[in-house]
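Listed here are the chains, written in short residue letters.
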Amino acid sequence: MNIMMVQNISFLSLHLLLILLLCLRPLTTVADGNSTNIDGWCDKTPYPYPCKRYFIKHSGFRLPTQISEFRVLLVEAAMDRAVSAWDKLTNSSKNCTDFKKQAVLADCINLYGDTVMQLNRTLQGVSSKTGRRCTDFDAQTWLSTALTNTETCRRGSSDLNVSDFTTPIVSNTKISHLISNCLAVNGALLTAGKNDSTTGDSKGFPTWVSRKERRLLQLQSVRANLVVAKDGSGHFKTVQAAIDVAGRRKVTSGRFVIYVKRGIYQENLNVRLNNDNIMLVGDGMRYTIITGGRSVKGGYTTYSSATAGIEGLHFIAKGIAFQNTAGPAKGQAVALRSSSDLSIFYRCSIEGYQDTLMVHSQRQFYRECYIYGTVDFIFGNAAVVFQNCIILPRLPLKGQANVITAQGRTDLFQNTGISIHNSIIIPAPDLKPVVRSVKTYMGRPWMMYSRTVVLKTYIDSVVSPVGWSPWTKGSTYGLDTLFYAEYKNIGPASSTRWRVRWKGFHVLSKASDASAFSVGKFIAGTAWLPGSGIPFTSEL
């Protein structure tokens, strides 16, 4: 269970509340005297069978006496299975000759590699043997990411209309169920204590920012390690070339700043895993533009269609436009995909049509950004806050409706969701002339536990009075289990009088309830944002 759910428990349906009580109450107790094997512990998880099956096959472990020890065993089991799954996927790719399946496998290999890393981070942080500690909130974030990765892999097959061939490859590992068990057990520990997401020093700077970096990041004019310029006046003419040089650093703990001069850069970027602490600084979103045109109809998965894919930790972008110019007829076409933990996007423009911005996973913050799109154009399963942003639905294909968010929370215990705070929702210039003929909604449930909140935001008449949409017309999928909420919004479409009447939709009246989705609490931003020099408001 995540910390946000505890603070919003009053808004859960009775059905969900019963699930929580049944799942979590046994986990907060020590194994009883009748438990002579691991079965007594596994029976208290959401998925007992894969838990029991794993430990039956892997003898030699010490029976836990408390929940924290059981958590370590579960994470070890999940990591063992993740490594096995990654190995099988890698071997399968060697004999794969189908172009579309190769594309799916490439994503899955990368995603499962990240899953191994996230589980290893968690294990290092929660195991007393290593001497390294993380908070339970950190662990829940990394476990949430690990589970999201497995789901993204699975969905790649449907993107390219090939049979789901990846699930049989990894099915015997039961990796998703093992990670769900980790989330449930760690969630029980999370609710029992007070946890922040990261630890800052006495002046509020995150521990991953050195004193030298603090001075650097707070300067108006940032001194760059490398300069990219189309006219040849820098170190490189392409942004990816500079990113690749940064990736060859032996030590990645220091901030690496890449200044991208004004110009249109037609390329696809990838800031890979372990290429951490990258900062891209442009000359402004109107002048420094990174653009691409990949799409699902063009033969890419949604995941790999991204013009810019960010994976390395602590990424910062400032004054840059990320575009996908595939157009509305090409289907899913991502402009920016981020799975960078503790990442920041400041004064950036993110422009596309369907699936513009993939907030894939981890903790993310967007400030004073412009986001353009049509269908599900902010989607994914990160814990993300959009603050002082301008969100612009644009003209979709004839017969299509605009949907701003499609949040992808698949597990009750994931501490993820989309929070839109103090922002503006208005039609893009191309939609304005025909705004009355196009329906626009704030979100729809991509996954069962989809979670999106809109707080103190200006909502223009472009948004339908009902506010939110089911996944498909007439569908009841997720309507009881999602969590959609609004709090003190303003503007022509801010009235909640005609909003949907789903069990999962809430109009928040108390500041204490709404503040659970603030920068300070939802992503614990006060622990890691101050050192960036980026402005933010921690509370509502």
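Residues numbered from 1 in each chain as written. Predicted model: local features only at pLDDT ≥ 70, side-chain atom pairs only at ≥ 80, totals over all residues. Heavy atoms only, no water.

Caption draft 1: Expanded view of the packing of helix α4 (residues 48-57) against helix α5 (residues 67-94). Where α4 meets α5, the closest approach of the two axes is 11 Å, and the angle between their N-to-C directions is 80°. Between α4 and α5, the angle falls in the class roughly perpendicular. In contact with Cys 51, Tyr 54 and Phe 55 of α4, α5 contributes Phe 70, Leu 73, Leu 74, Glu 76, Ala 77, Asp 80 and Arg 81. Of the residues in the contact of α4 with α5, the class split is 7 nonpolar, no polar and 3 charged. (Axes fitted to C-alpha atoms, helices over the stretch in contact; angles between N-to-C directions. Helix = DSSP H or I, 4+ residues; strand = E, 2+ residues; numbered from the N terminus. Parallel < 35°, antiparallel > 145°, perpendicular 65-115°, else oblique. Contact = heavy atoms within 4.5 Å. Nonpolar A, V, L, I, M, F, W, Y, C, P; charged D, E, K, R; others polar.)

Caption draft 2: Seen up close, unusual backbone geometry. One non-glycine residue, Asn 388, lies in positive phi territory at about 55°. Positionally, Asn 388 belongs in the loop between β17 (383-387) and β18 (390-393).

Caption draft 3: Just helix α7 (residues 136-159), in detail. Taking 1.5 Å per residue, 24 residues should reach 34 Å; α7 reaches 34 Å between its end C-alpha atoms and fits that length. With 21 of 24 residues buried, α7 lies mostly within the body of the structure. Positive phi appears at Asn 161, one or two residues downstream of α7, with a value of about 60°. (Expected span 1.5 Å × (residues − 1). Buried < 20%, exposed > 50% of the residue type's maximum accessible area, 1.4 Å probe, protein only.)

Caption draft 4: A look at the confidence of the model for the chain. On average, residues of the chain carry a pLDDT of 88, and 87% of them reach 70 or more. Note that pLDDT drops below 50 for residues 1-36; the model gives that stretch 83 contacts with residues more than four away or on any other chain. Contacts of residues 195-220 to residues separated by more than four positions or lying in other chains number 62 contacts, the stretch itself having pLDDT below 50. (pLDDT = per-residue confidence, 0-100.)

Caption draft 5: Representation of the sheet that holds β18 in the model. The 8 strands are arranged β3-β6-β9-β12-β15-β18-β21-β24 in an open sheet whose pairing can be described as parallel. Single-partner strands in this sheet number two, and they are β3 (263-266) and β24 (458-459). For β18 and strand β21 (residues 424-425), the ladder comprises 2 bridges, and the chain directions are parallel. Note on β21: the bridge partner recorded for Ile 390 is Ile 424. (Pairing = 2+ DSSP bridges.)

Caption draft 6: Up close: the layout of surface pockets. Roughly 580 Å³ of volume is contained in the largest pocket. Lining the largest pocket we find 24 residues, and of these Tyr 47, Leu 147, Ser 176, His 177 and Ser 180 sit closest to its centre. Contributing elements (two or more residues each) for the lining of the largest pocket: α2 (14-24), α7, α8 (166-170) and α9 (175-192). Looking at which element gives the most residues to the lining of the largest pocket, the answer is α7, with 5 residues. Its residues placed into classes, the lining of the largest pocket shows 12 nonpolar, 8 polar and 4 charged. Each of domain 1 (36-193) and domain 2 (211-532) contributes no fewer than three residues to the lining of the largest pocket. (1 Å grid on protein atoms, 1.4 Å probe; cavity = no way out; pocket = protein on both sides within 12 Å on 5 of 7 lines; lining within 4 Å. Points joined across faces, edges and corners; volume = space filled by probe spheres on them. Domains from an automatic or database assignment.)

Caption draft 7: A look at the side chain of Thr 288. Inspection of the secondary structure assignment puts Thr 288 in strand β6 (residues 288-292). For Thr 288, a relative accessible area of 0% corresponds to the buried category. A distance of 2.8 Å separates a polar side-chain atom of Thr 288 from the backbone nitrogen of Asp 283. Among all residues touching Thr 288, those that are not within four sequence positions of it are Val 260, Lys 261, Arg 262, Gly 263, Tyr 265, Gly 282, Asp 283, Gly 319, Ile 320 and Ala 321. (Polar contact = N/O pair within 3.5 Å; in protein donor to acceptor, adjacent residues only side chain to side chain.)

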